[in-house]
Structure formats: C-alpha cells, structure tokens
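Examining the three-dimensional arrangement
In case you want the letters, here they are:
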Amino acid sequence: MKILFVCLGNICRSPTAEGVLRTIAARDYPQLGVEVDSAGTADYHVGEPPDRRTVSAARRRGYDLAGLRARQVVAADFSRFDHMFAMDRANLDELERRRGGADAHKANLGLFLEFAAVSGAAEVPDPYHGGVEDFEHVLDLCEAGAHGLLRRLGK
Ligand code: 4NP
C-alpha cells in the first residue's frame, strides 16, 4: 500500500503527515505494509528539509522529520501510488488538473482528512504564515488523520 501526501510546499503539512503515518503504521499496523512519501504541488522549496517550526513541533511529540527533503509532484506519482491525499482542496484541485484523463493513472485522489473521516475538519490549514499553535494544530490533525486512515485501510 503506497501513499503520497501532498501539500503546497512539502515543508510543513505533508512531511508532518508522512512522518506521523510512518511511525503509527509501523507500530500499530505492520501487517498493512504501508509505504509513505510526500510531495508539493509547488517547487518553491525543492531539496530543502522541512520548515524548522515543523521539525521542532514534530520532535516534541517523538516524530523525526529532519531527514526529509522537499520534492515536487511528478507525473509518475499518479501511477506509482495507490492513494494520493491532498491536505486541502486547492491542492486536490491541482492534482486532479495534472492527472488529466489517462487511465494508466491508478492512484485514488482524495482529501486526507475526508478519507480518514476526521470529524470537524476537511482540510489541514496552511501554517506557514502562522504561529506555534498553528503547527501544533497541523500535528493534531495529522495524528487524528493517520489513525483514521489506518483504521479504514485496515478493514
Ligand atoms: P506546506 O506549507 O504547503 O504545508 O508545505 C507552505 C510552505 C511554503 C509556502 C506555503 C505553504 N510558501 O509559500 O513558500
């Protein structure tokens, strides 16, 4: 089961979702054989590690994101991954636009929190221009989302 998380810059939300899901899947759902990666629709930060506010917030909860490096979504992602989960509708729209109509593209596209059935939130809000509490909120949503996603995939 190959999962790609997608946000805009691939330095805040999607690396958080990647690290959180990888940790929880390995610990609680090893039988699912989950492989997880993340990417951005934009190329602003390609090659960079996650934002230091993202790395610190994750480290406080025991997730190590420091080794990740940002990359942009590429055409091959649509056939390599089973699921591509966007953090918000703007990025989902962008994925749908780029996928086009080709049948060779196997990936299911969706909103992370909607697929995970997280109550009260459909999008993970962009924390880039926010404060510490916004980065904490991203982690809260990614933890809830990872549990929901794994429950659904595990059934
Ligand atoms: P992300 O956050 O999409 O969660 O990685 C952002 C990172 C960078 C920018 C915007 C959002 N930016 O405009 O550079």
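Residues numbered from 1 in each chain as written. Predicted model: local features only at pLDDT ≥ 70, side-chain atom pairs only at ≥ 80, totals over all residues. Heavy atoms only, no water.

So, on to the nonpolar core. Within the largest apolar cluster, 37 residues are counted, with the highest numbers of intra-cluster contacts made by I3, F5, L21, V34, F112, L149 and L150. Among the secondary structure elements, those contributing two or more residues to this core are β1 (2–7), α1 (13–28), α2 (52–60), α5 (112–115) and α6 (132–154). Considering each element in turn, this core owes the most residues, nine residues, to α6. Contacts of L21, omitting those with residues within four sequence positions, involve I3, F5, V34, V36, A146, L149 and L150. Formed by 13 residues, the second largest nonpolar core is a distinct cluster that contains V73, F78, M84 and A107. (Core = buried A, V, L, I, M, F, W, Y, C linked by side-chain atoms within 4.5 Å. Buried < 20%, exposed > 50% of the residue type's maximum accessible area, 1.4 Å probe, protein only. Helix = DSSP H or I, 4+ residues; strand = E, 2+ residues; numbered from the N terminus. Contact = heavy atoms within 4.5 Å.)

So, on to the site of the ligand. What surrounds the ligand is the set C7, L8, G9, N10, I11, C12, R13, Y44, H45, D126 and Y128. Out of a free accessible area of 350 Å², the ligand has 90% covered by protein chains. When its residues are assigned to classes, the shell around the ligand shows six nonpolar, three polar and two charged. (Near = heavy atom within 4 Å. Areas by Shrake-Rupley, 256 points an atom, 1.4 Å probe, with all protein chains shown as cover. Nonpolar A, V, L, I, M, F, W, Y, C, P; charged D, E, K, R; others polar.)

This paragraph deals with α2. The complete set of buried residues in α2 reads T54, V55, A57 and A58. Where the residues of α2 are buried, they touch α1 and α6. If you check the start of α2, you find a side-chain oxygen 2.8 Å away from the backbone N of R53, and it comes from D51. Positive backbone phi, at 90 degrees, marks G62, one or two positions downstream of α2. (Polar contact = N/O pair within 3.5 Å; in protein donor to acceptor, adjacent residues only side chain to side chain.)

Now for the side chain of D88. The residue D88 is located in the loop between β3 (83–86) and α4 (89–99) in this model. Polar contacts involving the side chain of D88 include one to the side chain of R13, which spans 2.9 Å. Polar side-chain contacts of D88 include one of 3.3 Å to the backbone nitrogen of A90. Those residues within four positions of D88 in sequence are excluded, and the remaining contacts are R13, L111, E123 and V124.

Right, let's talk about the packing of aromatic side chains for a bit. For the structure on display, the rule yields three aromatic pairs. Ring centres of F5 and F85 lie 6.2 Å apart, and the angle between their planes is 35 degrees; this geometry places the pair in the tilted category. Taken as a pair, F5 in strand β1 and F85 in strand β3 lie far apart in primary sequence, 80 residues in all. Neither F5 nor F85 differs from the other in exposure class; each is buried. Seen from their ring centres, F85 and F115 are 4.8 Å apart, and the 45 degrees between their planes marks the pair as tilted. Of this pair, F85 sits in strand β3 while F115 sits in helix α5; the two residues are 30 residues apart in sequence, bridging distant segments of the chain. Using a relative accessible area of 14% as the deciding quantity, one classes F115 as buried. (Phe/Tyr/Trp six-rings, centres within 6.5 Å; stacked < 30°, edge-to-face > 60°.)

Everything listed here is a matter of coordinates, which is why it stays silent on function.
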